[in-house]
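Descriptive analysis of the structure
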Amino acid sequence: PVADQRSINGRNGGRAMPKLVFLGDSVTDCARKRAMRYQGTQAGLGTGWVRHLNKDLGAEYNGLVCWNRGFSGCLSAQLMQQSDWWPDQTEGVPESVDLTTLLIGINDIWHPFWRKTPHNLTRSLAGFRRLIETVQLRSERVLVCEPFALPSDQVTADWWPLLQALSAGQRSICNELGVHWCPMQAELLVTAEGHPSDYLADGIHPTDLGHRWLAGR
């Protein structure tokens, strides 16, 4: 989100920090084109909040480069199993990027509900920890956005204790590892009160308005 990325990046004595990686699931993926020929293009950023944020930050930071590594359907423990989960040197990625933003975890809540399988937040958080520890070796700074949802036909009362436990676990790991945590859920509930589907179409996936809210957050 813009405010947090500005405060984290800053100018550091006048030096811009323009190399950003965005990791996540479908909320970040947003139908991005994954073929190598699309990397460095708008199509490679997808149609959601990463694209909006790239436009907003591009007006401030010279030489801004963003890589979208959202993977639809990914659980926390699955992201690093994707063959191209991190951009490689053929895409011009430096040894250490300036900032990595991570938004993941909602599928760890959602998928067990529709698959009718038990939730395993211990495994989810262990995967989240491994992911953070790996990313810290590749990024000067890491920003984690809290996973979020809104009431809908799919997002029922049964979701909230699990989502709160997941968020608390992620926040605790971030605090322990010195990672920036960006709360999202409480503000979104207030912002979308009375019209949740205007922001999250099914209670999970953002509409264009939802993506713009996320990028401007």
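Keep in mind it's a predicted model, so treat the numbers as computed, not measured.

All right, on to the environment of Lys55 then. Of note, Lys55 is situated in helix H3 (residues 49-58). Here the alpha-carbon distance between Lys55 and Phe148, two residues 93 residues apart in the chain, equals 24 Å.

Looking now at the pairing of strand S4 (residues 139-145). The buried fraction of S4 is high, at five of seven residues. Bridge analysis of S4 against strand S5 (residues 180-182) gives three bridges, and the strand direction is parallel. For Leu143, the partnering residue across the bridge sits in S5 and is His180. Handedness of the crossover joining S4 and S5 through helix H6 (residues 159-177) is recorded here as right-handed.

In the structure shown here, the tally under the stated rule is four salt bridges. Residue Arg34 is joined to Asp29 by a salt bridge in which the shortest nitrogen-to-oxygen separation is 2.5 Å. Where Asp208 meets Arg212, a salt bridge forms, and the shortest distance between an N and an O atom there is 2.8 Å. Here Asp208 and its partner Arg212 are both found in helix H8 (residues 208-216), four residues apart, which amounts to about one turn of the helix. In this structure Asp208 comes out as partly exposed when scored by relative accessible area, which is 41%. Take Arg212: its relative accessible area is 48%, and that puts it in the partly exposed class.

The sheet built from five strands is open, its strands ordered S2-S1-S3-S4-S5 with parallel pairing. Two strands bound the open sheet, and with one partner strand each, they are strand S2 (65-70) and S5. Across the sheet, the mean angle from the axis of one strand to that of its neighbour is 20°, orientation sign disregarded. Strand contacts of helix H5 (residues 121-136): strand S1 (19-24), strand S3 (97-103) and S4, with the helix running at about 150° to S4, the strand carrying the most contacts.

With that settled, consider the pairing of S2. Remember that side chains alternate between the two faces of the sheet whenever the strand is regular. Counting buried positions over the six residues of S2 gives five, a clear majority of the element. In the sheet, S1 pairs with S2 via six bridges, with the strands oriented parallel. Paired with Leu20 across the strands is Cys66, a residue of S2.

This paragraph deals with unusual backbone geometry. With a phi angle near 50°, Cys30 is a residue other than glycine that sits in the positive phi range. Mapping Cys30 onto the fold places it in the loop between helix H2 (26-29) and H3. Relative accessible area serves as the criterion here: at 10%, Cys30 is assigned to the buried category. We note that Ala31 has phi near 60°; this positive angle belongs to a residue other than glycine. Along the chain, the position of Ala31 falls in the loop between H2 and H3. The class for Ala31 is exposed, based on a relative accessible area of 60%.

About the cut-offs
Residues numbered from 1 in each chain as written. Predicted model: local features only at pLDDT ≥ 70, side-chain atom pairs only at ≥ 80, totals over all residues. Heavy atoms only, no water. Helix = DSSP H or I, 4+ residues; strand = E, 2+ residues; numbered from the N terminus. Buried < 20%, exposed > 50% of the residue type's maximum accessible area, 1.4 Å probe, protein only. Pairing = 2+ DSSP bridges. Right-handed = clockwise from strand over helix to strand, strands pointing away. Salt bridge = Lys/Arg side-chain N within 4 Å of Asp/Glu carboxyl O. Axes fitted to C-alpha atoms, helices over the stretch in contact; angles between N-to-C directions. Contact = heavy atoms within 4.5 Å.

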